[in-house]
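Structure at a glance
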Amino acid sequence: MALPWQRRDPRIDGTPTRRRNRRRDRPSSEETQQQSARLQEERRRQRLAITIGIMLILAVLAMVAVGLYREFIEPPRVTAGEVRGVKFSMGDLVDRIRVLQGINRYKQGGFVDLSVVPFEYLQNMLNAEVLRQAAPGLGFSTTDEDIEEELRRRFYPNPPAGQEVDTEQLDREYDNTYSNLLTQVNLSDEAYRQLVAEELLSSQLWMMFLGTIPETPEQVEVEWIRLDYGGSVDPTEVKTRLDDGDKFDAVAIEVGASGKFANDQGYVGWVPQGAFMDLDVVLFGDPENEVEPLAVGAISEPQFAEDSVFIIKKLAGPEERELEFIMTWQLVNVRVAEWQSEQLSRGSSEGWLTISFDSDRYAWVADQVRLTRPRVEQPQQDQQGGLPIGGQ
């Protein structure tokens, strides 16, 4: 039995034990270093993961930014064509097509044909600039008065003869009609007047070549069957039917594609040399290469022209006779086109004209025009017979 003075206070007795236990529970310096190393490694991995995540986000943002730049910012600034330092960007081309599309919709209720238009209108822009620069040498000019006169011809109301005229009222109608067009097609007065100036210069070029057309050139009388490339009608089968005795006009009615020079039966009329360059050899022969022209009454093999296939029957000629208006118009257009083509070729070879237009840029232009296709209501003819545009 333990005597009272031999008993130990457990609180006093346990203190050294707890201290010894705490000392045993404390990690050694080696364990501390290992824990610190593991913590640092974990933090390093977290920083690395965060860094990689940020880099991936930046890469995605950079790709999006590059795509946006290439799609929306760069293309409009890229030069599509240039004439002696006067540049036309892709954005200029899109703006021009939008304007012409709006005007076409305003006048006719139709849209610009995007299957062929972008490159053609780029050429037209370059042709207009070439003509503008060449105008002084050709003796052509347009003044503000000429442009205003043309605007009035197009937009000014035409009251019936004998009707009492209120000049102020007609002037107001003219201003309203012209302003309405500009608003509908989203075009400034300055930009539209520039278009009118280009058209006036083109008219002067047209009139210059009109003066070179003989009044009574040698012509042949023809009828033809015109077929579209890629159509469902085989030209050789049509020729076989004609050789087998099918009537020319009946076949023309059945399979012929519509055109502005022949009627439904295929009759064209009297055609001068040079009106259809691709058909000149078959119609008039080629003495230099000893090629005889198609005989009267004969039917040609299919003739593959630039945009169509023709099977021609020669009815009469050649003989000198007065030109019909439609053939005069065609001859002048051919000569204007030849002059423009010669200028483009010459400018390209001499280095003062460049065209930079490929399939990718064509697709971009077409997409931009489709995205902003104008919604323009077709104008109504006024009660006095005037037309808002064109005036003819």
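Every chain is numbered on its own, with residues counted from 1 as its sequence reads. Predicted model: local features are reported for residues with pLDDT of at least 70 only, side-chain atom pairs are reported and counted for 80 or more only, and whole-chain, interface and lining totals are derived from all residues. Water and hydrogen atoms play no part in the side-chain values, which are based on all heavy atoms of the structure.

Looking at the sheet that holds strand S4 (residues 267-272)
- Being paired, for any two strands, means DSSP has found at least two bridges between them. The secondary structure listing takes helices from DSSP runs of H or I that are at least 4 residues long and strands from runs of E that are at least 2 residues long, numbered from the N terminus. Pairing is antiparallel across the open sheet formed by four strands, whose spatial order is S4-S3-S6-S5. Of all strands in the sheet, those with a lone pairing partner are S4 and strand S5 (303-304), marking the two edges.
- Along the sheet face, helix H9 (residues 248-255) touches strand S3 (218-228) and strand S6 (308-320) and points at about 40° away from the line of S3. Contacts were defined at the residue level, with two residues in contact if any of their heavy atoms lie within 4.5 Å. Axes here refer to lines fitted to C-alpha atoms; in helices the fit is confined to the stretch in contact. Angles between the N-to-C directions go from 0 to 180 degrees.

Points about the packing of helix H4 (residues 117-138) against helix H11 (residues 325-350)
- One can describe the packing of H4 onto H11 by two numbers: an axis separation of 10 Å at closest approach and a directional angle of 95°. One element, H4, and the other, H11, form an angle in the roughly perpendicular class. The residues of H11 that touch H4, namely those facing Gln123, Leu126, Asn127, Val130, Leu131 and Leu138, are Trp339, Gln340, Gln343 and Leu344.
- Residues belonging to the contact of H4 with H11 are distributed by class as follows: six nonpolar, four polar and no charged. Any angle between 65 and 115 degrees counts as roughly perpendicular, while under 35 counts as roughly parallel, over 145 as roughly antiparallel, and the rest as oblique. Amino acid classes used here: Ala, Val, Leu, Ile, Met, Phe, Trp, Tyr, Cys and Pro are nonpolar; Asp, Glu, Lys and Arg are charged; the rest, including Gly, are polar.

Considering the sheet that holds strand S7 (residues 353-355)
- Across the sheet, three strands lie side by side as S2-S1-S7; this open sheet has antiparallel pairing. For this open sheet the edge positions go to strand S2 (86-89) and S7, each flanked by a neighbour on one side alone. Averaged over all pairs of adjacent strands, the angle between strand axes in this sheet comes to 20°, irrespective of strand direction.
- Note: strand S1 (residues 79-83) against S7, three bridges, orientation antiparallel. Among the inter-strand pairings, glycine 81 is bridged to a residue of S7, identified as isoleucine 355.
- Here H4 sits on the sheet and contacts S1, S2 and S7; the angle it forms with S1, its principal contact strand, is near 25°.

Re helix H7 (residues 189-210)
- Expected helix span is taken as 1.5 Å per residue step, with the number of steps being one fewer than the number of residues. Helix length check: H7 (22 residues) gives 31 Å between terminal C-alpha atoms against 32 Å at 1.5 Å per residue, within 8%.
- Every buried residue of H7 is accounted for by Tyr192, Leu195, Val196, Ala197, Glu198, Leu200, Leu201, Leu205 and Phe209. Exposure classes here rest on a 1.4 Å probe applied to the protein chains alone. A residue is buried below 20% of its type maximum, exposed above 50%, and partly exposed in between.

Some details on the nonpolar core
- Trp224, Leu283, Ile312 and Val365 are the most contacted members of the largest nonpolar core, which has 49 residues in total.
- Of the residues forming this core, the biggest block, seven residues, is contributed by H4.
- In this structure, isoleucine 312 is in contact with Val222, Glu223, Trp224, Leu279, Val282, Leu283, Leu294, Ala298, Ile299, Ser300 and Gln303, ignoring residues within four places of it in sequence. Here the nonpolar core consists of buried residues drawn from Ala, Val, Leu, Ile, Met, Phe, Trp, Tyr and Cys, with membership extended through side-chain atoms lying within 4.5 Å.

Some remarks on H11
- In a regular helix each residue adds 1.5 Å, so 26 residues correspond to 38 Å; H11 covers 37 Å between its end C-alpha atoms and thus fits that length.
- Burial in H11 covers these residues: Met327, Thr328, Gln330, Leu331, Val332, Val334, Val336, Trp339, Gln343, Leu344 and Gly347.

Some words on the packing of helix H8 (residues 235-243) against H9
- For the pair H8 and H9, the least separation of the axes is 10 Å and the interaxial angle reads 155°. Between H8 and H9, the angle falls in the class roughly antiparallel. In this structure, the crossing between H8 and H9 has a hand that is right-handed. On the side of H8, the interface is formed by Val238, Arg241 and Leu242, while H9 contributes Phe248, Val251, Glu254 and Val255.
- Within the contact of H8 with H9, the residues separate by chemical class into five nonpolar, no polar and two charged. Crossings are assigned a handedness: left-handed for a near helix turned anticlockwise from the far helix by less than a right angle, right-handed for a clockwise turn.

Description of the confidence of the model for the protein chain
- Within a predicted model, pLDDT stands for the predictor's per-residue confidence, ranging from 0 to 100. This prediction gives the protein chain a mean pLDDT of 83; 81% of its residues lie at or above 70.
- Within the protein chain, helix H10 (residues 280-284) carries the highest mean pLDDT (97), whereas helix H1 (residues 10-25) carries the lowest (54).

Details of unusual backbone geometry
- A cis amide bond links glycine 317 with the next residue in sequence, proline 318, at an omega value of 10°.
- Here proline 318 is to be found in strand S6.
- For arginine 84, which is not a glycine, the phi torsion comes out positive at approximately 50°.
- Following the sequence through the fold, arginine 84 ends up in the loop between S1 and S2.
- With phi around 55°, asparagine 186 is a residue other than glycine that occupies positive phi space.
- Topologically, asparagine 186 is positioned in the loop between helix H6 (167-184) and H7.
- Overall, the relative accessible area of 70% leaves asparagine 186 in the exposed class.

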